[in-house]
Amino acid sequence: MSASPPPSVSPGEYLSAPEPDALKPAGPTPSQSRFQVDLVTESAGDCGTTVGYDSSPPEYVAEPPPDGLRDSVSGGEEAKGRFRVVNFAASSPDAAPAETAQNGDTVMSEGSLHSSTGGQQHHHYDTHTNTYYLRTFGHNTIDAVPKIDFYRQTAAPLGEKLIRPTLSELHDELDKEPFEDGFANGEELTPAEESAAKDVSESKGVVKFGWIKGVLVRCMLNIWGVMLFIRMTWIVGQAGIAYSCIIVIMATVVTTITGCSTSAIATNGFVRGGGAYYLISRSLGPEFGGSIGLIFAFANAVAVAMYVVGFAETVVELLMDSGLLMIDQTNDIRVIGTITVILLLGISVAGMEWEAKAQIFLLVILITAIFNYFIGSFIAVDLKKKFGFFSYDAGILAENFGPDFRGQTFFSVFSIFFPAATGILAGANISGDLADPQMAIPKGTLLAILITGLVYVGVAISAGACIVRDATGIESNFTLISNCTDAACKYGYDFSSCRPTVEGEVSSCKFGLHNDFQVMSVVSGFSPLISAGIFSATLSSALASLVSAPKVFQALCKDNIYPGIAIFGKGYGKNNEPLRGYFLTFGIALAFILIAELNVIAPIISNFFLASYALINFSVFHASLANSPGWRPSFKYYNMWVSLAGAILCCVVMFIINWWAALLTNVIVLSLYIYVSYKKPDVNWGSSTQALTYHQALTHSLQLCGVADHIKTFRPQCLVMTGAPNSRPAILHLVHAFTKNVGLMLCGHVRILTHMFPIAALADFNPLVFFSKCYPDEDDDGKAHTQPLLKKDKKSPTVPLNVADQRLLDASQQFQQKQGKGTVDVWWLFDDGGLTLLIPYLIANKKKWKDCKIRVFIGGKINRIDHDRRAMATLLSKFRIDFSDITVLGDINTKPKSEGLTEFAQMIEPYKLREDDMEQEAAEKLKSEEPWRITDNELELYKAKGNRQIRLNELLKEHSSTANLIVMSMPLARKGAVSSALYMAWLDTLSKDLPPILLVRGNHQSVLTFYS
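Rules used throughout
- Residues numbered from 1 in each chain as written.
- Predicted model: local features only at pLDDT ≥ 70, side-chain atom pairs only at ≥ 80, totals over all residues.
- Heavy atoms only, no water.
- Helix = DSSP H or I, 4+ residues; strand = E, 2+ residues; numbered from the N terminus.
- Buried < 20%, exposed > 50% of the residue type's maximum accessible area, 1.4 Å probe, protein only.
- Areas by Shrake-Rupley, 256 points an atom, 1.4 Å probe, with all protein chains shown as cover.
- Core = buried A, V, L, I, M, F, W, Y, C linked by side-chain atoms within 4.5 Å.
- Contact = heavy atoms within 4.5 Å.
- Pairing = 2+ DSSP bridges.
- Axes fitted to C-alpha atoms, helices over the stretch in contact; angles between N-to-C directions.
- pLDDT = per-residue confidence, 0-100.
- Polar contact = N/O pair within 3.5 Å; in protein donor to acceptor, adjacent residues only side chain to side chain.
- Disulfide = S-S within 2.5 Å.
- Phe/Tyr/Trp six-rings, centres within 6.5 Å; stacked < 30°, edge-to-face > 60°.
- Salt bridge = Lys/Arg side-chain N within 4 Å of Asp/Glu carboxyl O.
- Parallel < 35°, antiparallel > 145°, perpendicular 65-115°, else oblique.
- Nonpolar A, V, L, I, M, F, W, Y, C, P; charged D, E, K, R; others polar.
- Left-handed = near helix turned anticlockwise from the far one by under 90°.
- Patch = residues over 30% accessible without salt bridge, like charges linked within 9 Å, V, L, I, M, F, W, Y side chains within 5 Å.
- Expected span 1.5 Å × (residues − 1).
- Arc of directions from axis to C-beta.

(A) Geometry of the overall build of the protein chain. Along the backbone of the protein chain there are 32 helices and twelve strands. Looking at the protein chain residue by residue over its 1012 residues, the buried ones come to 45%. With an accessible surface of roughly 51,600 Å², the protein chain has 59% of that area assigned to carbon and sulfur atoms.

Next comes the structure, spelled out in structure tokens:
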């Protein structure tokens, strides 16, 4: 019975008519089904049809359903092929909708697109439950409009992945049941994806940081560090104001280039946790990423010890000044360092939110200390003059403008300063805890580099303009000598006695830029604030490194690059905190704190950081060079050549800082790279290495198209007719033996198609075709078997194979095993260009065949055997091919034995035409229908050639019955003159009862040459 059309209703009524629960069909929930269709139920007793329509805007008039959807189904059964358009408006007319409708389409708000991270309501729907687009073009369709959820990864943290209908689904009928398992084509989640999806589902309420708290604050704290307070003034004393500014600018240039490269990678797609490791591994692949990730995590762990020891040394100096040492200087450093690192571990384990609050507190102290110094530099105090501080003076500025190196050089001073600039990845290292890494990393990193660079330059100029290089610390109460020319002379102080008279001698004075590392405390308005700044700088850097190392190591563990470390990748709590990684980092840091001698390890750590910067810069250059369509960073202020220059600069700075540490770093990175390359982790991240490989292969292929083939560059290109490769392993292994790292091997299978389509072919591909003698039967549908020759059931108990199966198994594996001492016999009967000789030469050079010697057999005459042997030996020596023996066969044309003739006649008997036993017309008809049949005329015409094959088989049995492999010139048959049955009979007779034999016939173009 045909249902009547629905009554006419106004557009507004569609918005307030939610479908009753009773009409909702049973079946998988939206979260269970990938390809789900909500069906429309109809009442069998009523003529009307209850249909839920989509919520249309007031100006949009919904069409009635097409006639094909009006057939009712008795008994309340679900009507197949009908689609319910889900109403996304609020259930009540008064409720405000979460999204707006435009042109009949629901537009998701930005908050709903990122609902899982923003803590907002998360919509669970899929491509067919959420069918608001079904009427976009005025008719029912399951074809999806563009949507962000189609492009998410399986376990995307920003929302659920939707899977668009496939082409086959669009071509199929629409009246199919929903998939029972919720997935089409068996696309179930892998265990790793299920785990990731579980983590995502439990990640609501996580703490995410913006660009200021997450990146800017951390980078500024790491870049400033203790170098600002206890080494910057010493650098000004050594290098002068001009060179100090150049040193700061040089370091800033390197870090700025690296920051731009980091920004480019970070904005080329969604960035997950892992910092530098994630950026490098997803750009250059697991080999570089895995090697740099391990040493970068280790460097951060040891950096914790460096910063904590720096803090402990400052505390111990204060205790020494007060006479409050507990044990002795070294052990006090160990005690204070251990207590400090335990407190920092507690802050880190408490959670990222507490750690971020601690960083903000430390930054406030640090900025206060910097302002305290600058304010104090304007206040001239007479009591401070004896320590070398006279406030701003043009004479002091001029005197300190140039360098005064004492036991140092420009590059040695630069190497001391540069580690201060190695904190630019502090924000990127917690990329997984950033709300929007693509915005936060570029803005926070580059702004931190700018601010800290300006502060360093400001401190250099300020210190050089108000502090002299040497001061005695003694009040001047005597008359100045007449030849005093220093800038302090006009203030009544003569510090000329402090200057060393011999190169390399240490100054006798303890104050001034050269001699007092704590001179900023003298200049400051309130000196305890400088000590607080030093504490803040060391503790903040230690805390940032203590957080960075476990985060990077956790990402490395989750990728399973190295065995045995996955235990440290487990996360805990809503923030997925790597607690095990924290304790591992704590253990490493504590070990180096107890050593208390970090002067040797410090250069290696700096080089580890620089190696990471170099690879980040190289990643941008590599990705730009590959020119992959997927390389589309939204950060545009980068250049591939500038990034390459940045990578080179990082490598140069590594050797400037410490040449042996740079060499050690390169050896470690190279060793880890080789290890990861050897292990070949099963990952595919779409790296630029893969993109560049494709680009280079395409470029070189196009170049080869314009270059003619040359004999010296000939490489075998083999088309192996294996069908399914595992069904004929012997021929596959044999061809692989001489094509591995030398030529090309393609596996092929012949299928008879009713329609032929043009396909693209390899340029200049002239294949050598290989096929085996026996083929497995085909299935009823014409498809060849794809199973291996012998399939073993894993669940069944082990039973011995019968004789036939054992022989088949041995034959299939004979070329996979190492060949013992034996021979490869080459029967070079006809000159085909040298291919018959080249293939056994390539085989004999392989490792599995190295114990096999080449023996050459040629045809000749009885009276010229010695001459032919010498001629062939001369030819082989010119070809530079080693051989063990040459045999000249002078009796090839001897008549074969009668047994062989009889067997050959019996073999071809079923294939003969027997035209003498039938009418001529019937014989011609049969020949046209079955052209493979052998005629009597054909047998008589090629009798001599057939006898030769029988005779050659006898000679092969006589000379080569014990050979590991026989390579022989394949006989040819005239096209259209020799039937296929006769030719195959020749080949079968030739190879009967012999070791493995390879019949070869080149295209009679030379593949060997003795010219250079």
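(B) Representation of the nonpolar core within the structure. Trp 224, Phe 229, Phe 417 and Tyr 456 are the most contacted members of the largest nonpolar core, which totals 138 residues. Among the elements that line this core, the one with the most residues is helix α10 (residues 286-322), at 16 residues. Sequence-distant contacts of Trp 224, defined by excluding residues within four places in its chain, comprise Leu 363, Leu 366, Ile 367, Ile 370, Ile 451, Thr 452, Val 455 and Tyr 456. Of all hydrophobic cores here, the second largest spans 36 residues; its members include Leu 734, Phe 815, Ile 881 and Val 967.

(C) Just the sheet that holds strand β9 (residues 852-859), in detail. What the five strands build is an open sheet, ordered β10-β9-β8-β11-β12; its pairing is parallel. Each edge of the open sheet is held by one strand with a lone partner, namely β10 (885-889) and β12 (997-1000). Strand-to-strand twist across the sheet, computed as the mean angle between neighbouring axes with direction ignored, equals 20°. Relative to β9, strand β8 (residues 822-827) runs parallel, the two sharing six bridges. When the bridges of β9 are listed, Gly 822 appears paired with Cys 852.

(D) Up close: the pairing of β10. Among the five residues that make up β10, four are buried, leaving the element largely enclosed by the rest of the structure. Pairing analysis gives five bridges linking β9 to β10, with the strands arranged parallel. By the bridge assignment, Phe 857 is partnered in β10 with Thr 887.

(E) Representation of the confidence of the model for the protein chain within the structure. For the protein chain, the average pLDDT comes to 76, and 75% of its residues sit at 70 or higher. Averaged pLDDT values for the elements of the protein chain fall to 33 in strand β4 (residues 105-107) and rise to 93 in β8. Segment residues 173-192: pLDDT under 50, and 29 contacts once partners within four positions in sequence are set aside and those in other chains are kept. Low pLDDT (under 50) marks residues 754-765, which in the prediction has ten contacts with non-local residues, meaning those over four places away or in another chain.

(F) Spotlight on the side chain of Asp 825. Note on placement: Asp 825 falls in strand β8. There is a polar contact of 2.6 Å between the side chain of Asp 825 and the side chain of Ser 960. The residues touching Asp 825, leaving out its near neighbours within four places in the chain, are Arg 855, Phe 857, His 959, Ser 960, Ala 963, Leu 965, Ile 966 and Val 967.

(G) Looking closely at the state of the cysteines. Following the criterion strictly, the structure yields one disulfide and no others. Note on cysteine connectivity: Cys 498 is disulfide-linked to Cys 509, with sulfurs 1.7 Å apart. One quick way to see it: the torsion about the S-S bond of Cys 498 and Cys 509 is about -75°, and its sign makes the bridge left-handed. One end of the pair, Cys 498, is in the loop between α16 (437-466) and α17 (519-523); the other, Cys 509, is in the loop between α16 and α17, with eleven residues separating them in the sequence. For the pair shown, Cys 498 and Cys 509 are each scored as buried. Lacking any disulfide linkage, Cys 650 is separated from the closest cysteine sulfur, that of Cys 651, by 6.9 Å.

(H) Geometry of unusual backbone geometry. One non-glycine residue, Arg 880, adopts positive backbone phi at about 60°. Examined against the element boundaries, Arg 880 turns out to sit in the loop between α27 (865-878) and β10. Overall, Arg 880 belongs to the exposed group, its relative accessible area being 56%. The residue His 1004 is not glycine, and still its phi comes out positive at about 65°. The topology assignment puts His 1004 in the segment after β12. Residue His 1004 is classed as partly exposed on the basis of its relative accessible area, which comes to 46%.

(I) How the structure looks around the side chain of Glu 954. Checked against the element boundaries, Glu 954 lands in helix α31 (residues 943-959). If sequence neighbours within four positions are ignored, Glu 954 has contacts with Pro 896 and Lys 897.

(J) Expanded view of the packing of aromatic side chains. Per the counting criterion, the structure on display carries 27 aromatic pairs. Ring geometry for Phe 879 against Phe 1010: centres 6.0 Å apart, planes inclined by 35°, an arrangement best described as tilted. Linking Phe 879 in the loop between α27 and β10 with Phe 1010 in the segment after β12, this pair joins segments that are 131 residues apart in sequence. According to the relative accessible area criterion, Phe 879 is buried, its value standing at 13%. On the accessibility criterion, Phe 1010 (36% relative accessible area) is partly exposed. Here the aromatic cluster, defined as three or more aromatic residues joined through ring pairs, consists of Tyr 243, Phe 405, Phe 410 and Phe 411.

(K) Representation of the pattern of salt bridges within the structure. In the structure shown here, the tally under the stated rule is 14 salt bridges. One salt bridge in this structure joins Glu 577 and Lys 551, with 3.5 Å as the shortest N-O distance. Here Glu 577 is found in the loop between α18 (527-558) and α19 (579-595), whereas its partner Lys 551 is found in helix α18, with 26 residues between them in sequence. For Lys 551, a relative accessible area of 7% corresponds to the buried category.

(L) Up close: the environment of Gly 388. Following the sequence through the fold, Gly 388 ends up in the loop between α13 (382-385) and α14 (394-401). Between the C-alpha atoms of Gly 388 and Ala 471, which are 83 residues apart in sequence, the distance is 5.0 Å. Non-local contacts of Gly 388, meaning those with residues more than four positions away in its chain, are made with Cys 466, Ile 467, Val 468 and Ala 471.

(M) Quick look at the packing of α14 against α16. Close contact between α14 and α16 brings their axes to 6 Å; oriented N to C, the two are set at 115°. Classed by the angle they form, the pair α14 and α16 counts as roughly perpendicular. The segment α14 lies against α16, with Ile 396, Leu 397 and Asn 400 engaging Gly 464, Ala 465 and Cys 466. When the residues that make up the contact of α14 with α16 are grouped by side-chain class, the tally is four nonpolar, two polar and no charged.

(N) The arrangement of the packing of α10 against helix α22 (residues 659-679) in detail. It is the contact of α10 with α22, at a shortest axis distance of 8 Å, that shows an interaxial angle of 130°. Between α10 and α22, the interaxial angle falls into the category oblique. Every pair of crossing elements has a handedness; the one defined by α10 and α22 is right-handed. Along its contact with α10, which presents Pro 286, Glu 287, Phe 288, Ser 291, Ile 292, Leu 294 and Ile 295, the element α22 presents Ile 668, Val 669, Leu 672, Tyr 673, Val 676 and Ser 677. When the residues that make up the contact of α10 with α22 are grouped by side-chain class, the tally is ten nonpolar, two polar and one charged.

(O) Broad picture of the environment of Asp 393. Among the structural elements, Asp 393 can be located in the loop between α13 and α14. Residue classification places Asp 393 among the buried positions, given a relative accessible area of 11%. Apart from the residues within four sequence positions on either side, Asp 393 is in contact with Ala 465, Lys 490 and Tyr 491. At 2.8 Å, the side chain of Asp 393 and the backbone nitrogen of Gly 395 are in polar contact.

(P) Expanded view of the environment of Leu 809. Take Leu 809: it is sitting in helix α25 (residues 803-813). Sequence spacing of Leu 809 and Ala 730 is 79 residues, and the spatial spacing of their C-alpha atoms is 9.7 Å.

(Q) Region of interest: a nonpolar patch on the surface. Taken together, Met 326, Ile 327, Val 335, Ile 339 and Leu 343 make up a surface patch of nonpolar side chains, about 490 Å² in accessible area. Mapped onto the secondary structure, Ile 339 falls in helix α11 (residues 329-350).

(R) Main features of helix α21 (residues 640-657). The end-to-end C-alpha distance of α21 is 26 Å, a good match for the 26 Å that 18 residues give at a rise of 1.5 Å each. Every buried residue of α21 is accounted for by Met 640, Ser 643, Gly 646, Ala 647, Cys 650, Val 653, Met 654 and Ile 657. Along the long axis of α21, the arc covered by the buried residues comes to 135°, so they all point the same way. Buried residues along α21 sit against α8 (232-266), α15 (410-417), α20 (601-626) and α22. Sitting at the head of α21, Asn 639 places a side-chain oxygen 2.8 Å from the backbone nitrogen of Trp 641.

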